[in-house]
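# A look at the structure
Chain by chain, the residues:
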Amino acid sequence: MPVATPDQYAEMLDRAKSGGFAYPAINAASSQSINAVLQGLTEAGSDGIIQVTTGGADYFAGHTVKGRATGAIAMAKFVTEVAKNYPITVALHTDHCPQPALENFLLPLVAASEEEVKAGRNPIFQSHMWDGSAVPLAENIEIAKQLLPRMKNINAILEVEIGVVGGEEDGVKHEGTNDALYTTTGDVAQVVEALGLGDAGRWIAALTFGNVHGVYKPGNVKLKPELLGEIQEGIAAKFGTGPKPLDLVFHGGSGSTPEEIALAVSNGVVKMNIDTDTQYAFTRSVAGFMFQNYDGVLKIDGEVGNKKAYDPRAWGKVAETAMAARVVEATQQLGSAGKSLAA
């Protein structure tokens, strides 16, 4: 299937919200990781989201160049072409963009999509994340308020982070107090007052409930997914809406229990970001292949090795398949398996 149109992406999110499930949003930084995501989603019969960070875009452009806007556009064009061969639908999203990266990442991509839309085509990405978690809330809201009309004009969705996801992802690092890891209803109310609830443009919210980027031993991260339900109820009461007025995103979910994920989804999460777990699945399989085939991938003791083993396609296929299996697992945890638009 082709990459989702803006209307199809909106339908995906609406179906998730009404159906009580969420889509995996997997970070990609290479053609191999993209292929792995498409393979996994197909095996699961699930639609999903492929997303790229500033660091991933730098890498896709060529790690000695670091042309992140170029890398992101190249990645989107690659996905747009190869996704046609798969029977599922994927949306394209740019992940965490902190304030210092606005000028060389998010804004050039929005401008490129504006040109596409002027020419009668769809935006390059269906959604973009502005990560204002490192600036004061008022500044975070003001920048989101400036971005939202441009997103609406290209029929794209804005993702905002309200609160602080701990840990580090692609150089965006937070080491705040524990209180900063839990979004308050008051914080969200200020955002709703500034952005509306869809009339000025659609936006989705990454609220924080103790979630942390990376992976940690059990007990080190105190998730409170019930907080999402409390915030939904508070916003519904304050603004006189129906239940669960917010479309929510779950960041920093590595190591979460199935029960925690299920509770977050039941409280309005429609998108869950996945990066650490798929990275590990990919690299662990490569390590296993190298250990099992060391005399083939290395020219040891004067031998010539085995070209069929050290050919990058040999271990690359193993890595993609292992990462695809982790994608399947994510769709099962989130409930999107078997629910593709094409089903």
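Only a predicted model underlies this, so the values are computations on that prediction, with no experimental measurement involved.

The next thing to look at is the pattern of salt bridges. Side chains that differ in charge, positive against negative, can pair when their charged atoms come close. For the structure on display, the rule yields 13 salt bridges. Among the ionic pairs, D247 bridges to K17, the shortest N-O distance being 2.8 Å. Of the two residues, D247 sits in the loop between α8 (226-239) and β9 (248-250) while K17 sits in helix α1 (residues 6-19), which places them 230 residues apart along the sequence. Two residues, E114 and R150, come together in a salt bridge whose shortest N-O distance is 2.9 Å. Taken together, the positions of E114 in helix α5 (residues 102-118) and R150 in helix α6 (residues 137-153) put the pair 36 residues apart, joining distant regions of the chain. Residue class for E114 comes out partly exposed when judged on its relative accessible area of 23%. Exposure remark for R150: the relative accessible area of 29% places this residue in the partly exposed category. Via salt bridges that share partners, D14, K17, R202 and D247 belong to a single interconnected network.

This part takes up the pairing of strand β4 (residues 127-130). Residues S127 and M129 of β4 are buried on one face, and the alternating residues H128 and W130, pointing to the opposite face, are buried as well. Two strands pair when backbone bridges link them, and strand β3 (residues 90-94) and β4 are joined in this way by two bridges, in the parallel orientation. Opposite H93, over in β4, you have S127 as the bridge partner. Crossover handedness for the path β3 to α5 to β4: right-handed. Taken together, β4, α6 and strand β5 (residues 157-162) constitute a β-α-β crossover, and its handedness is right-handed.

This part is about helix α13 (residues 312-334). Its 23 residues give α13 an end-to-end C-alpha distance of 32 Å, which sits within 8% of 33 Å, the value for a rise of 1.5 Å per residue. Residues of α13 that are buried: G316, A319, E320, M323, A324, R326, V327, V328, A330, T331 and L334. Buried residues belonging to α13 abut β1 (23-27), α2 (31-44), α9 (258-266), β10 (269-274) and α10 (276-292). Residue G335 follows α13 closely and has a positive phi angle near 85°.

Attention now goes to the packing of α2 against helix α4 (residues 68-82). Closest axis-to-axis distance for the α2/α4 pair is 11 Å, and the angle between their directions is 40°. Classified by the interaxial angle, the pair formed by α2 and α4 is oblique. Crossing of α2 against α4: the hand is right-handed. Listed contacts from α4 to S31, I34, N35 and L38 of α2 are M75, F78, V79 and V82. Taken together, the residues of the contact of α2 with α4 sort by class into six nonpolar, two polar and no charged.

Moving on, we come to the nonpolar core. Here is a general trend for soluble globular proteins: nonpolar side chains tend to be buried in one another's company. If you look at the biggest cluster of nonpolar residues, it comprises 77 residues, and the most contacted ones within it are I50, W130 and W203. In this structure, F21, I157, I204 and V270 belong to the second largest nonpolar core, which totals 15 residues.

To continue, consider the packing of aromatic side chains. Scanning all chains against the criterion turns up two aromatic pairs. One residue, K238, lies across the ring of F239, its end atom 5.9 Å from the ring centre.

Burial runs high along β10: six of the six residues are buried. In terms of strand pairing, β1 meets β10 through four bridges, oriented parallel. By the bridge assignment for β10, Y23 is matched with K271. Relative to β10, β9 runs parallel, the two being bridged by three bridges. In the strand pairing of β10, L248 is matched with V269. Each parallel crossover has a hand, and for β9 linked through α9 to β10 it is right-handed.

We now examine unusual backbone geometry. Phi is positive for K66, close to 55°, though the residue is something other than glycine. As for its position among the elements, K66 is in the loop between α3 (54-61) and α4. Under the relative-accessibility criterion, K66 is labelled exposed at 56%. The backbone of N155 shows a phi angle near 60°, a positive value even though the residue is not glycine. Topologically, N155 is positioned in the loop between α6 and β5.

Basis of the calculations
- Residues numbered from 1 in each chain as written.
- Predicted model: local features only at pLDDT ≥ 70, side-chain atom pairs only at ≥ 80, totals over all residues.
- Heavy atoms only, no water.
- Salt bridge = Lys/Arg side-chain N within 4 Å of Asp/Glu carboxyl O.
- Helix = DSSP H or I, 4+ residues; strand = E, 2+ residues; numbered from the N terminus.
- Buried < 20%, exposed > 50% of the residue type's maximum accessible area, 1.4 Å probe, protein only.
- Pairing = 2+ DSSP bridges.
- Right-handed = clockwise from strand over helix to strand, strands pointing away.
- Expected span 1.5 Å × (residues − 1).
- Contact = heavy atoms within 4.5 Å.
- Axes fitted to C-alpha atoms, helices over the stretch in contact; angles between N-to-C directions.
- Parallel < 35°, antiparallel > 145°, perpendicular 65-115°, else oblique.
- Left-handed = near helix turned anticlockwise from the far one by under 90°.
- Nonpolar A, V, L, I, M, F, W, Y, C, P; charged D, E, K, R; others polar.
- Core = buried A, V, L, I, M, F, W, Y, C linked by side-chain atoms within 4.5 Å.
- Phe/Tyr/Trp six-rings, centres within 6.5 Å; stacked < 30°, edge-to-face > 60°.
- Lys NZ or Arg CZ within 6 Å of the ring centre and 35° of its normal.

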